[in-house]
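# Descriptive structure summary
So you can see what is in the structure, the chains are spelled out below.
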Amino acid sequence: MTTLCDMLVFGGTGDLALHKLLPALFHLHRDGRLHPKMRILALARNALDRQRYLALAERHCRAQVARADFSSEAWRSFSERLDYFAMDVSQSADFGRLARYLGPDQGCGRVHYLATAPHLFEDIAAHLAIAGLAGPQSRIVLEKPIGHSLESARAINAAIGKVFDESQVFRIDHYLGKETVQNLMALRFANALFEPIWRAGHIDHVQISVCETLGVENRGAYYDRSGAMRDMVQNHLLQLLCLVAMEAPVRFDAEAVRNEKVKILEALQPISGLDVRDKTVRGQYSAGKIGGQEVPAYYFEKNVDNDSDTETFVAIKAEIDNWRWAGVPFYLRTGKRLARKYSEIVIQFKPVPHRLFADGEANCLLIRLQPEERISLQLMAKTPGKGMRLEPVELDLNLAQAFSRQRRWDAYERLLLDVIEGDSTLFMRRDEVEAAWRWVDPILEGWHEYYQSPRPYAAGTAGPEQAHSLLELHGRQWHD
Ligand code: BG6
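Residues numbered from 1 in each chain as written. Predicted model: local features only at pLDDT ≥ 70, side-chain atom pairs only at ≥ 80, totals over all residues. Heavy atoms only, no water.

## Points about the overall build of the protein
- Looking only at helices and strands, the protein has 14 helices and 17 strands in total.
- With the C-alpha coordinates of the protein rotated into their principal frame, the extents come out at 80 × 50 × 45 Å.
- The buried share of the protein, taken over its 480 residues, is 55%.
- Excluding contacts between residues fewer than 6 apart, the proportion of contacts in the protein whose partners are at least 24 apart in sequence is 76%.
- When the 59 positive and 63 negative side-chain charges of the protein are each reduced to one mean point, those points stand 3 Å apart. (Helix = DSSP H or I, 4+ residues; strand = E, 2+ residues; numbered from the N terminus. Buried < 20%, exposed > 50% of the residue type's maximum accessible area, 1.4 Å probe, protein only. Contact = heavy atoms within 4.5 Å. Lys, Arg positive; Asp, Glu negative; His and termini not counted. Charge placed at Lys NZ, Arg CZ, Asp CG, Glu CD.)

## Observations concerning the UniProt feature "domain: Glucose-6-phosphate dehydrogenase C-terminal" (unreviewed entry) in the protein
- Here, UniProt's "domain: Glucose-6-phosphate dehydrogenase C-terminal" (unreviewed entry) annotation points to residues 185-479.
- For residues 185-479, helix accounts for 32% and strand for 24%, while the C-alpha atoms at its two ends are 22 Å apart. (UniProt positions renumbered as here; feature names shortened; annotations may be inferred.)

## Description of the site of the ligand
- All residues in the neighbourhood of the ligand are listed as Lys144, His174, Tyr175, Lys178, Glu212, Arg219, Asp231, Met232, His236, Lys336, Lys341 and Gln370.
- Within the side chain of Lys144, an N or O atom sits 2.7 Å from an oxygen atom of the ligand.
- Lys178 places a polar side-chain atom, nitrogen or oxygen, 2.6 Å from an oxygen atom of the ligand.
- Contact with the protein chains removes 82% of the 400 Å² of surface that the ligand exposes when unbound.
- Ranked by residue count, the leading element in the shell around the ligand is helix H8 (residues 220-245), at three residues.
- Each residue belonging to the shell around the ligand can be placed in one class, and the counts come to two nonpolar, three polar and seven charged. (Near = heavy atom within 4 Å. Polar contact = N/O pair within 3.5 Å; in protein donor to acceptor, adjacent residues only side chain to side chain. Areas by Shrake-Rupley, 256 points an atom, 1.4 Å probe, with all protein chains shown as cover. Nonpolar A, V, L, I, M, F, W, Y, C, P; charged D, E, K, R; others polar.)

## A few points about the pattern of salt bridges
- One pass over the structure, following the stated rule, counts 41 salt bridges.
- Of the charged contacts, one joins Arg76 and Glu73 as a salt bridge, the two residues approaching to 3.0 Å between their closest N and O atoms. A residue pair is termed a helical-turn pair when its members lie 3 or 4 positions apart in one helix, as Arg76 and Glu73 do in helix H3 (residues 72-79) at three residues.
- Residue class for Arg76 comes out partly exposed when judged on its relative accessible area of 42%.
- Linking Arg430 and Glu434 is a salt bridge whose minimum nitrogen-to-oxygen distance equals 3.5 Å. Pair noted here: Arg430 and Glu434 are both in helix H13 (residues 430-449), with a separation of four residues, about one helical turn.
- Residue Arg430 is classed as partly exposed on the basis of its relative accessible area of 31%. (Salt bridge = Lys/Arg side-chain N within 4 Å of Asp/Glu carboxyl O.)

This is the structure we're talking about:
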């Protein structure tokens, strides 16, 4: 039986709610994964009535959900769960109104999903408590970024911690809900093959790239204050790094998995002072062309400062100071308005110790998270015919094809279901978020201190030149 709870989505008219959360809840509903009595209440300031909100939600769901998965009948039954409540989250009195509107809970507790700006988190949590909406059965879901520095993240965590026990707090990072990201754990911990060579003695370096073609869309105001470091590196890229680097947890449960991730974050070699100049590259896109279309420079985007020095691209050479990884660089890279959209992890192995053949390349394991979900191992093979001419060939596991009969879940579906069921394995614990900020803060400070303004790169390219030099200096290159 599915777990009963009510879900309150704060920021109910925002992009996240309309583009991701409602379509994910619709899918879960359609697949019969939501309790029949579960209600979903969207909350925002806009003075809409329920009918107008339903129309807005339907329009977005139709656009996001594949045609084959959408039907008017499914929408009608889904919309019976869906309601809208206009309120101002800065007003304590509005929470009193909300509590009265909700009436007694269904004996199941409530999930408060905060799809709002992080500066509202503290107020919302405090007001929920005053209004009696934060009982022991309730849960709170916080969207990233949690704060914009270690200090602000601590303040948010402390304020949330006054109202909710850590076990009730779900800090979401949607990358952890992606199938291939979870497959990375399966690959490492359900196959004996890789473990003996998953270490410094055999691995030359690791690359983690999350490249986007999108710009900042309607999020200029938010993005201009965060930049790629806070928007992507502090959370998604560091989470991927943790999954590649962590030791096998003793159990697949929330505490054991998160304990291992924290150990990696704490072992990250600090990058501060002059190291920031040598080990990091920040960039910002200038005008260019993507898919044949002209796109403007970042500083001409809507709600972005004309002389903004916010980075839209980051590359970092990170190192982990522990026995397994000492001396193995983890190159991280992310950027907006790049030539192609893809996310991948590359494990570059060392070459064979003694070379027998004229040609030969070191093996490399490619874990493609998107657009296609694929794991491929590059091996050397002899080409047909006389002589020993070698070429790299790929041992390819296409996960979408291997499981083609099952619908691919969106990350939010999996994560929302985990929240409803109270499983926090794929969510970030308080100490994890803070450890990530502890590593990121000195880099941000270094950029400021040495006034490392972002290097320009034309939209539609692979980012600034300096990102290539970061690897070329050591005879390596990005896997493009
Ligand atoms: C979000 C960032 O967390 O992740 C966005 O705020 C980014 O700026 C997005 O575009 C990328 O997610 P995905 O799943 O499209 O790789």
